[in-house]
Amino acid sequence: MEFLKTIISFISSMLVFGTPIILAGLGGVMCENAGVVNIALEGIMRFGGFFAVFGSYISSRVIDPITGTRNPLAGNPWIGILFAIIVGVLAGLLHGYISISLRGNQIVSAVAINVFSLGGMTFFLERYFNTTGHSPSVASFMGKPLFPALTKIPILGDLFKTMNIFVWLAVILPFVVHFYLYHTHWGLRHRAVGEHPKAADTLGVNVYGIRYFAVIMSGFFAALAGASMSIGQLDLFDNHMPAGLGFIALAAMIFGKWKPLGTFFAALFFTLANVIQIYIQTEAPQILKIIPRGFFLALPYILTILILAGFVGRVTPPAADGIPYEKGEKL
Amino acid sequence: MNNLKLSSIDRFINWWNAKKEDLSSFLVPVISVIIAFIIAGIMIKLTGKSPLRAYEILFKGALGKDFQEFISLRVAGEGILKGAILTLTGLSITVAFKAGLFNIGAEGQFIIGAITAAYFGFKLNLPPFIGIPLILLIVSFVSGLYGAFAAFLKVKRGVHEVITTIMLNWIAIHLVENWIVVGPFNILRYNPRAVLAGTPYITDNSRLKPLFSGTRLNATIFIAIIAVILIYILINKTVLGYEIQATGLNIEAARYAGINISRTMIISMFIAGALSGISGACMILGTEGRYPGVFRPGYGFDGITMALVGNTTPVGTFIASLFFGLVRGGATGMQLIGIHKSFADIIQGVATIFVAGQIGIKYLLFKIGEKKVFRGKEVISGVS
């Protein structure tokens, strides 16, 4: 019984901590399978995180007009999700415009978005919340299971207690993306654009259209990932919230061989290192004296390098990944 | 006879058309920066503050209130110091870029350099003229290896350097900040009553002292200038520089010409890592005096902007770094009227976005010329 409970709490922690990584990782999967690299996931997460809080915050004014006072906790977090998605899509479009239409350098564009997100969100925090630290608390999905009825199930119910809307999305969306990429015509075209845009173009596939769709979806997923941290795990936004998870998501995507389900399991595997570290910290702190905490935190990145270096298994990105496509270009 | 009919505008257009290829490499960054300032100005306006007043404060905060203060470097010194540190990471990205490599790992190399400098700055107590160069040499070697590792994996295993360098950034951050600084090299081991987080202070002999009283500006600026000159000579005047450039321009052609691509890439990433490492070392030896608990000033990532806005040339990188260094210095003063210093990040981010999409700016620049040149030709052909 006790053992089962521990297992359940482990799985539950992995899902909760893994949610932002899974969602952002899916953003990477969408983008890179169409041949566009997006290392701006981190920056877009920051956008999503802020605007989710912002949406939830300003909706409190709409809902509570009688008293005239603004009670941020009366806001509607769904508006927050909506705001995050809109901004994420716009950020994706910007990255797409530079890397697809202008055929600019995708890495530079993404780095610029990351730099801008840090300055820009500090700016907005100051503009709207008069602080550079973190926003006030807003209405959120924190600790609100999507299906409260399920939490009444004995033992297994514990798992559903922590599963808010974002965690459910993180569990379901990998399968949706998998179905889209591998079992639909559009998915076939999507992958063809990433593998061989010229051939796809010859067959009448709209290369630019699909690439734009892919970057927009990556913005959508990354923004959801950001929202899952600010109004999912917590009820406020802090500029240092993404803390490299956008890059872990990239690592998970590579570890998962650019596949949605692979990314899902890789993300869970990566969070395992973190969950174990937290577990050890509370249950057996003396172990951290032998294996330092920093090692657990660095482990996902070390693993990624080992995998990429071919010690564990070869991975190949989509062939046209990161290469701008120009119509009529010679091969 | 015909030429007399050309108006001065048409003459300008003809001159423009002859020179626009060369000039655009200089104009694109300048226009990007101007656009960035305009967009940031609009954002200030949106917050209900006056952009002109803000820029006035920025300007004075960067250079000084009057000529006297500007000359004394009491105000500008801070910006120049930031610029010097940015120059080093900017050069790091520039060197790698010349060999066709994207060094996103300057941040990690910076951190490795910083912790190495903090350690040897604490351990070594030699006369400054021997000790400091020795520390910089050790730092160059350690950070250089950290940088070269990414190139090694690319050459031997075909792993893209962008991914490896990003991963190496986070490995450096976590191992240094969550292990070394809190564990084996923590100040508490040497001074149990310390209240600060981080490593112990470096010896007085290891410190880069301020050049003038009342400013923090130190020898980092000379280190940066020397680096700019050395890298300029390396790239433009040496065989290795030629090989680096050839590899960056066309890897297959370079291989065919008998250049050892692997060696060239590893060496250029070693140099890139060394430069970022020295940048981090200068931060420790000059301003910080030790590795603080959390130390992520972001100079590694900023270096990417410096290299790009500087058109990936050593001198351009230096100019861009000084400019953004001064902007960063001045932005601190803007907090007085309630504009956060992260404002500098906004300008930098927007400028980078426009440099990234530079084909757009180039297209517009060239189009202006194209339309007019047609008229210019008409004038000539119309007479003959």
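Here, every reference points to the structure presented above.
Nothing here was measured: the structure is a model prediction, and the numbers come from that model.

*Asks:* Residues and numbers for the interface of chain B and chain A, please.
*Replies:* The interface of chain B with chain A comprises 39 residues on the first partner and 43 residues on the second. Together chain B and chain A conceal approximately 3,700 Å² of surface at their shared face, both sides included; 81% is due to carbon and sulfur atoms. By the criterion of area lost to chain A, the three top residues of chain B are Arg157, Met167 and Trp170 of chain B, representing 17% of everything that side buries. On inspection of chain B and its partner chain A, the count reaches three residue pairs in polar contact (both at pLDDT 80 or more). Breaking the side of chain B that touches chain A down by element, the ones donating at least two residues are α1 (8–46), α6 (128–157), α7 (161–180), α13 (299–309), α15 (343–356) and α16 (358–383) of chain B. Here the residues of the side of chain B that touches chain A are counted per class, giving 25 nonpolar, 12 polar and two charged.

*Asks:* Account for the side chain of Asp302 of chain B, with residues named and values stated.
*Replies:* All names here are of chain B. Note on placement: Asp302 falls in helix α13. Taking relative accessible area as the criterion, Asp302 reaches 5% and is therefore assigned buried. Here the side chain of Asp302 touches Gln348 through a polar contact of 2.7 Å, side chain to side chain. Contacts of Asp302, omitting those with residues within four sequence positions, involve Leu86, Pro297, Arg328 and Gln348.

*Asks:* Outline the packing of aromatic side chains, listing residues and values.
*Replies:* With the rule as written, the count across this model stands at 41 aromatic pairs over all chains. Pairing Tyr291 of chain B with Phe295 of chain B gives two aromatic rings, centres 5.3 Å apart and planes at 75°, and the pair type is edge-to-face. The structure contains a cluster of three or more aromatic residues connected by ring pairs, namely Phe50, Phe51, Phe54, Tyr57, Phe83, Phe123, Phe124, Tyr128, Phe129 and Phe237 of chain A. Note that Arg189 of chain A overlies the ring of Trp186 of chain A, its terminal NZ or CZ placed 5.0 Å from the centroid. In this arrangement the basic side chain of Arg290 of chain B is found over the ring face of Tyr201 of chain B, its NZ or CZ atom lying 5.2 Å from the centre.

*Asks:* Summarise a nonpolar patch on the surface; cite the residues concerned and give the values.
*Replies:* Residues and elements named next belong to chain B. Together, Leu211, Phe212, Phe222, Ile225, Ile226, Ile229, Leu230, Tyr232, Ile233, Val315 and Ile319 make up an exposed nonpolar region whose accessible area comes to about 980 Å². Going through the elements one at a time, α9 (220–237) and α14 (314–333) are the ones with two or more residues in the nonpolar patch. The dominant element in the nonpolar patch, judged by the number of residues it contributes, is α9, at seven residues. The topology assignment puts Ile319 in helix α14. Assessed through its relative accessible area of 54%, Ile319 is described here as exposed.

Cut-offs applied
- Residues numbered from 1 in each chain as written.
- Chains lettered and ligands numbered in written order.
- Predicted model: local features only at pLDDT ≥ 70, side-chain atom pairs only at ≥ 80, totals over all residues.
- Heavy atoms only, no water.
- Contact = heavy atoms within 4.5 Å.
- Buried area = accessible area lost by both parts, 1.4 Å probe.
- Polar contact = N/O pair within 3.5 Å; in protein donor to acceptor, adjacent residues only side chain to side chain.
- Helix = DSSP H or I, 4+ residues; strand = E, 2+ residues; numbered from the N terminus.
- Nonpolar A, V, L, I, M, F, W, Y, C, P; charged D, E, K, R; others polar.
- Buried < 20%, exposed > 50% of the residue type's maximum accessible area, 1.4 Å probe, protein only.
- Phe/Tyr/Trp six-rings, centres within 6.5 Å; stacked < 30°, edge-to-face > 60°.
- Lys NZ or Arg CZ within 6 Å of the ring centre and 35° of its normal.
- Patch = residues over 30% accessible without salt bridge, like charges linked within 9 Å, V, L, I, M, F, W, Y side chains within 5 Å.
- Areas by Shrake-Rupley, 256 points an atom, 1.4 Å probe, with all protein chains shown as cover.
- Salt bridge = Lys/Arg side-chain N within 4 Å of Asp/Glu carboxyl O.

Note that all results are geometric; they support no functional claim without further evidence.
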